[in-house]
Amino acid sequence: MCGIIGIVGKDAVAQRLVDGLRRLEYRGYDSAGICTVTNGQFGRRRAEGKLNNLAAKLAAEPLEGIVGIAHTRWATHGAPTEDNAHPHIVGDVTIVHNGIIENFKPLRDELIAQGRTFLSETDTEVVAHLVDREMQTAASPQEAVAAVLPRLHGAFALAIMFREHPDLIIGARLGAPLTVGYGDGENYLGSDALALAPLTQRIAYLEEGDWVVVGRDKVDIYDRTNTPVTRPIVVSGASGALIDKGNHRHFMQKEIYEQPVVVADTLQSYIRPLEMQVAMPQMDFDLSEVERVVIVACGTASYVGMIGKYWIEQMARLPVDVDVASEFRYRDPVLTGKVLGVVVSQSGETADTLAALRHMKANGVTTAGIINVPTSSMAREVDLLLPTHAGPEIGVASTKAFTCQLAVMAALSVNLARAKGKMTAEQEREIVGHLKEAPAAMNAALSHDDEIQKMAHTIAEARDVLYLGRGPDYPMALEGALKLKEISYIHAEGYASGEMKHGPIALIDDKVPLIVLAPAGPLFDKTVSNMQEAMARGAQVVLISDAEGLALAGSDAKATIEMPAVHPLIAPLVYAVPIQLLAYHVACAKGTDVDQPRNLAKSVTVE
Ligand code: G6P
C-alpha cells in the first residue's frame, strides 16, 4: 500500500510534497516522512501517526530543498514506528516504496553477511542497501538501479534519490502504480494522477516493469529490458482542488448525504429518459453472446457483486459466479465459454482485483469494470469501462461509491436481460421507471437520520451485533456488518436469515442487537420467522422495513426504521442508507476516527 510522491523542482518542495501526501492518505496513514536533498546533504523528517504529525514536525523544523521524495505508510513489514517510516536512507541513497518485496529475507541475509546493518524492520530498506551497494561500483545511479531491479520479487513502486546526484529521482514500478507528471521546468513522480493534480495535469502512466529517470527538464523512461521507451502523455483531468467536508463533521457523513445526487448523476449516463431504456457505453462485443458472468471485487464492492448475481440470474437468466478477488486467481477458476468478467472497484487500484482482471484478460475473457476513479489502472485496462460518478470518496468506509456501483450493476443486469431476450421493452420501461425513483427514495431514507442517531447509543454498548437478510438483503446484511466493524470496531456479522439457526443463533442473548433488513415482499414472512426465532432467545431486534412490513411485524421489534416502499431492484440502494447511518452514528458515539479508522486504508494496493 502506501502513497509516494517525488518532485525535481525549481522551487522549495517540502510543503508541496506534504500537500501531495494529503491527497494520498487514502493509501495509508499510520506514519509519514519526507526527505529533501540540498547542499549535498539529505534532510529528513518522519513521524508516527497521521500526516498532521509530520506537518507539525516540519513546521517546527522546516526542510529546505528543491528536490525531494515523500511517503505515507500503511505498514506491511514492521510496526508503524518512526524508525520504520520511509524515506529510508542508506549511505548516499534514500528511498520510498509502495508494495512488498517478497524476497526481502534472503536479500537481507545476504546484505547482513556482507556486514551491512539494518535500522528498520522493513522490506524496503533492503532496496536502499542494494542500490547503495551498486553505487560503490556503478558508473551512474541509472546503472545501479538497473542492476538492482531484476533482483526484486513482489510488487513495488519506488522513488529513489541520490545525495551526490541531487537533480534527479529514479522511479520504478512493478505491480504497483506509478505516474510521471510533466511540469514547467520541473517534473514529478506520484502514486496517482490525483496526488500530482495541483502540480500538473500532464501525466504518463508507467507500464509494468518500467523505470524512469526524472530530471528537471527531462524524463527518460525505460522498459524492463532497459530499452528506452515513450509512454503517452495524457491530460489527467483529476481535480487539483482539495475536497472539504462542507458542513459535515466527517467525510463519511458528507458522502452518505451526497448519495441521492451522485446516484442520480450515475443513473443519468445509463438511462435514456425518453425511450425509458437502459443505455451502456459503446462496446465492441455483443452482450447477447455472453453465456456466463464472473464478478470479482473486494470488500464492499464484492457485495455489489453478490447483489449483481441475484439480479443477473433473475433478469437475464445467466449463471453468475462471484469471487472475492484475493481467492479468485489462486484457485485457477474455470473461464471457458463466452464469459463476461466484471470487476467492481471504487479506486480501480485494489491489488487483488487488478490481478484478477489481468488473470481474466490473460485467459481470453472479455472484461467490464464498474469503477469510480477514471484514471485508475483498472479503468485503463478493462475492455468496457462502466464508470460510476460518485466523485472522490474520502472516507475509508465506502458509502456513495457502493450505491453508485449498485446503480450501474442494475443497469448492466437490465442490459444483459434485454440482450439475452429475457426482458420485454415494456418490462424494461417499468424497471427504468423504478430506477429513476431511487434518488428520491434515498432522500426519504436519509430523513431518518435523527432517530438512527438516537438508537446508535444503545448499539454502541454492544460487543457483538448481528445483521440478517434474505435474497439481495443478505449481501446488504454483510455490508451492514462490515460498515459497523470497520469504523466502530464492534464485532459484527451478516448472515443469510435462514442460516442463522446453523450457528450464529448460539451467540444470541439479550445483549446482542439484531438488525433485520426485510422489505415487504415474497421473502418477508420467512425473514420474520427467523427474526422471531432470535427474539424467542432474547435478541433485541431493530427491524428495517417499509410501512407494510412494519405493520405486519414491527410491533414485535425493540426498534424500527421505516423505509419507503420501493421496487426490489432499488431496495438495496435505499436500505444502504440506514445501515450506513447506523454504523456512522455508532462510531461517533464510540469516538472512533470515522474517516480514517485504525489499521485500514482506502485503497489496498498490496495482496
Ligand atoms: C478497502 C476499503 C473498502 C473497499 C475495499 C475495496 O478495504 O476500506 O471500503 O470496499 O478496499 O476497494 P475498491 O477501491 O476496490 O472498491
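Residues numbered from 1 in each chain as written. Predicted model: local features only at pLDDT ≥ 70, side-chain atom pairs only at ≥ 80, totals over all residues. Heavy atoms only, no water.

**Quick look at the site of the ligand**
By nearness alone, 14 residues border the ligand, and Thr300, Ser345, Gln346, Ser347 and Thr350 come closest of all. A distance of 2.7 Å separates an oxygen atom of the ligand from a polar atom in the backbone of Gln346. Note that an oxygen atom of the ligand is positioned 2.6 Å from one of the side-chain N or O atoms of Ser347. Protein burial of the ligand: of its 380 Å² of free accessible surface, 91% is covered by the chains. Top element by residues in the shell around the ligand is helix α8 (residues 299-316). It accounts for three residues. When grouped by side-chain class, the residues that make up the shell around the ligand number five nonpolar, seven polar and two charged. (Near = heavy atom within 4 Å. Polar contact = N/O pair within 3.5 Å; in protein donor to acceptor, adjacent residues only side chain to side chain. Areas by Shrake-Rupley, 256 points an atom, 1.4 Å probe, with all protein chains shown as cover. Helix = DSSP H or I, 4+ residues; strand = E, 2+ residues; numbered from the N terminus. Nonpolar A, V, L, I, M, F, W, Y, C, P; charged D, E, K, R; others polar.)

**Section: the sheet that holds strand β22 (residues 384-387)**
Strand order in the open sheet formed by five strands is β19-β18-β20-β21-β22, with parallel pairing between adjacent strands. Either end of the sheet is taken by a strand with one partner, and the two such strands are β19 (320-324) and β22. Geometrically, the sheet is characterised by an average inter-axis angle of 20 degrees between neighbouring strands, direction not taken into account. Sheet topology places strand β20 (residues 339-345) next to strand β21 (residues 366-371); six bridges connect them, and they run parallel. Paired with Gly341 across the strands is Thr367, a residue of β21. On the sheet, helix α10 (residues 351-362) packs against β18 (292-297), β20 and β21 and is oriented at approximately 165 degrees with respect to β20. (Pairing = 2+ DSSP bridges. Axes fitted to C-alpha atoms, helices over the stretch in contact; angles between N-to-C directions. Contact = heavy atoms within 4.5 Å.)

**Quick look at the sheet that holds strand β23 (residues 464-469)**
Remark on secondary structure: sheet strands pair via backbone hydrogen bonds, oriented parallel or antiparallel. On the basis of which strands lie adjacent, the open sheet formed by five strands has the order β24-β23-β25-β26-β27 and parallel pairing. The sheet terminates laterally at β24 (491-496) and β27 (559-563), the two strands that pair on one side only. When strand polarity is set aside, the average angle formed by the axes of neighbouring strands in this sheet is 15 degrees. In this sheet, β24 lies alongside β23 in parallel orientation, the contact comprising six bridges. For Leu468, the partnering residue across the bridge sits in β24 and is Tyr495.

**Notes on the environment of Thr350**
Position of Thr350 among the secondary structure elements: in the loop between β20 and α10. Take Thr350: its relative accessible area is 13%, and that puts it in the buried class. Residues Thr350 and Val604 lie 254 residues apart in sequence; the distance between their C-alpha atoms is 5.0 Å. Non-local contacts of Thr350, meaning those with residues more than four positions away in its chain, are made with Cys298, Ser345, Met378 and Val604. Among the polar contacts listed, one links the side chain of Thr350 to the side chain of Ser347, at a separation of 3.4 Å. (Buried < 20%, exposed > 50% of the residue type's maximum accessible area, 1.4 Å probe, protein only.)

Any functional reading would require information that these geometric values do not contain.
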